[in-house]
Amino acid sequence: MAMTDTPFTPAPAVFAEIEGSPARFPVRRIYCVGRNYAAHRREMGGDDREPPFFFSKPADAVVASGSTIPYAAATSNLHHEVELVVALKGGGVDVPVDSALELVFGYAAGVDLTRRDLQTASRNKGQPWDSAKGFDQSAPLGPIRPWSGAAPQGRISLTVNGAVRQDASLADMIWNVAEIISECSRLWRLAPGDLIYTGTPEGVGPLISGDQVEVSIEDVGALNITIA
Ligand code: MN
């Protein structure tokens, strides 16, 4: 067998849409920030002194805007979490806050779909969150808007069947985008293609079959998904 042979077809690379471009953004890893808005930390029963933290999803959890996705398996409490997503064009370790934004390719609207019942059970048992967060099609992602300079600061909102569920300001983040990139780079070597979901504001809640979910982030873009 030649060195290039494989016993089965390799999994395809994962790409995200780039707004206004035929080019596509190749996704490497997905990092996520937990409890990065004070009001959401409170609604989850968190301690006000507890800093945000990281978890991850597999790259192939990305789902494009406009998709219809199945109600997730093994849950009866699938939750929406609207989030600003940072897409990186650069990387490194121990990135200083002052230069962190130089790594940013652009921003997108995203949803961190969560099997809340599994998350609560994991938390109570001190077990990992992977099954609650890193499941198939758990990372809906809108088109990435190329961006340079100061991070977006506008409204972030999510509606279900036209009713507002989440509506907050990106300025309410506990760690801002530069701080998130810097903190993340202390734990992992960041690289081009990495996505970081930056945490959700208050108002998370359940989805049911047939729900139409629409997300909007001021100056960044939109995203819509339907739960089959
Ligand atoms: Mn989240």
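Refer to the structure printed above.
No experiment lies behind these values; they were computed from the predicted model shown. (Residues numbered from 1 in each chain as written. Predicted model: local features only at pLDDT ≥ 70, side-chain atom pairs only at ≥ 80, totals over all residues. Heavy atoms only, no water.)

Looking at the overall build of the chain
- Check the secondary structure of the chain and you find four helices and 18 strands.
- For 228 residues, the compact-globule formula gives about 17 Å, and the C-alpha radius of gyration of the chain, at 17 Å, lands near that figure.
- Expressed as lengths along the three principal axes of its C-alpha atoms, the size of the chain is roughly 55 × 40 × 40 Å.
- Relative to its 228 residues, the chain shows a buried fraction of 50%.
- Here the analysis covers contacts within the chain between residues at least 6 apart in sequence; of these, 75% occur between residues at least 24 apart. (Helix = DSSP H or I, 4+ residues; strand = E, 2+ residues; numbered from the N terminus. Rg over C-alpha atoms; globule rule 2.2 N^0.38 Å. Buried < 20%, exposed > 50% of the residue type's maximum accessible area, 1.4 Å probe, protein only. Contact = heavy atoms within 4.5 Å.)

A look at helix α4 (residues 177-187)
- Buried residues of α4: V177, A178, I180, I181, S182, C184 and S185, and no others.
- In the core, the buried residues of α4 are packed alongside β3 (30-34), β4 (53-57), β8 (82-88), β9 (104-111) and β15 (195-197).

What to know about unusual backbone geometry
- Within the chain, D94 stands out as a residue other than glycine whose phi angle is a positive 50°.
- Looking at the secondary structure, you find D94 in the loop between β8 and β9.

A look at the sheet that holds strand β17 (residues 212-217)
- The sheet built from five strands is open, its strands ordered β6-β18-β17-β13-β14 with mixed pairing. Looking along the sheet, the strands with just one partner apiece sit at the ends: β6 (68-69) and β14 (163-169).
- Here two bridges tie β6 to strand β18 (residues 221-227), and the two strands are oriented parallel to one another. Counted as the bridge partner of I69 is I227 from β18. (Pairing = 2+ DSSP bridges.)

Examining the pattern of salt bridges
- The full count for this structure, using the stated rule, is eleven salt bridges.
- The salt bridge involving R28 is made with D194; its shortest N-O contact spans 2.8 Å. Highlighted residues: R28 in the loop between β2 (24-26) and β3 and D194 in the loop between α4 and β15, separated in sequence by 166 residues.
- On the basis of relative accessibility, which here comes to 0%, the residue D194 falls in the buried class.
- For the salt bridge of E50 with R35, the shortest nitrogen-to-oxygen distance reads 3.4 Å. Here the residue E50 occupies a position in the loop between α1 (38-43) and β4, and R35 occupies one in the loop between β3 and α1, the gap between them amounting to 15 residues.
- Overall, E50 belongs to the partly exposed group, its relative accessible area being 26%.
- Accessibility expressed as a relative area gives 11% for R35, which makes it buried. (Salt bridge = Lys/Arg side-chain N within 4 Å of Asp/Glu carboxyl O.)

Here's the deal with the nonpolar core
- Ranked by size, the top nonpolar core spans 45 residues in total, and within it Y107, I181 and I196 carry the most contacts.
- Take this core: its biggest share by element is five residues, from α4.
- Beyond its immediate stretch of four places on either side in the chain, Y107 contacts L84, V85, V86, L101, P143, I144, R145, W147, A151, P152, V177 and V220.
- Formed by 20 residues, the second largest nonpolar core is a distinct cluster that contains V14, V85, A87 and A108. (Core = buried A, V, L, I, M, F, W, Y, C linked by side-chain atoms within 4.5 Å.)

Re the sheet that holds strand β16 (residues 205-206)
- The three strands are arranged β10-β7-β16 in an open sheet whose pairing can be described as antiparallel. Because the sheet does not close on itself, it has two edges, and the strands there are β10 (114-115) and β16.
- With two bridges joining them, strand β7 (residues 78-80) and β16 adopt antiparallel strand pairing. Opposite H79, over in β16, you have P206 as the bridge partner.

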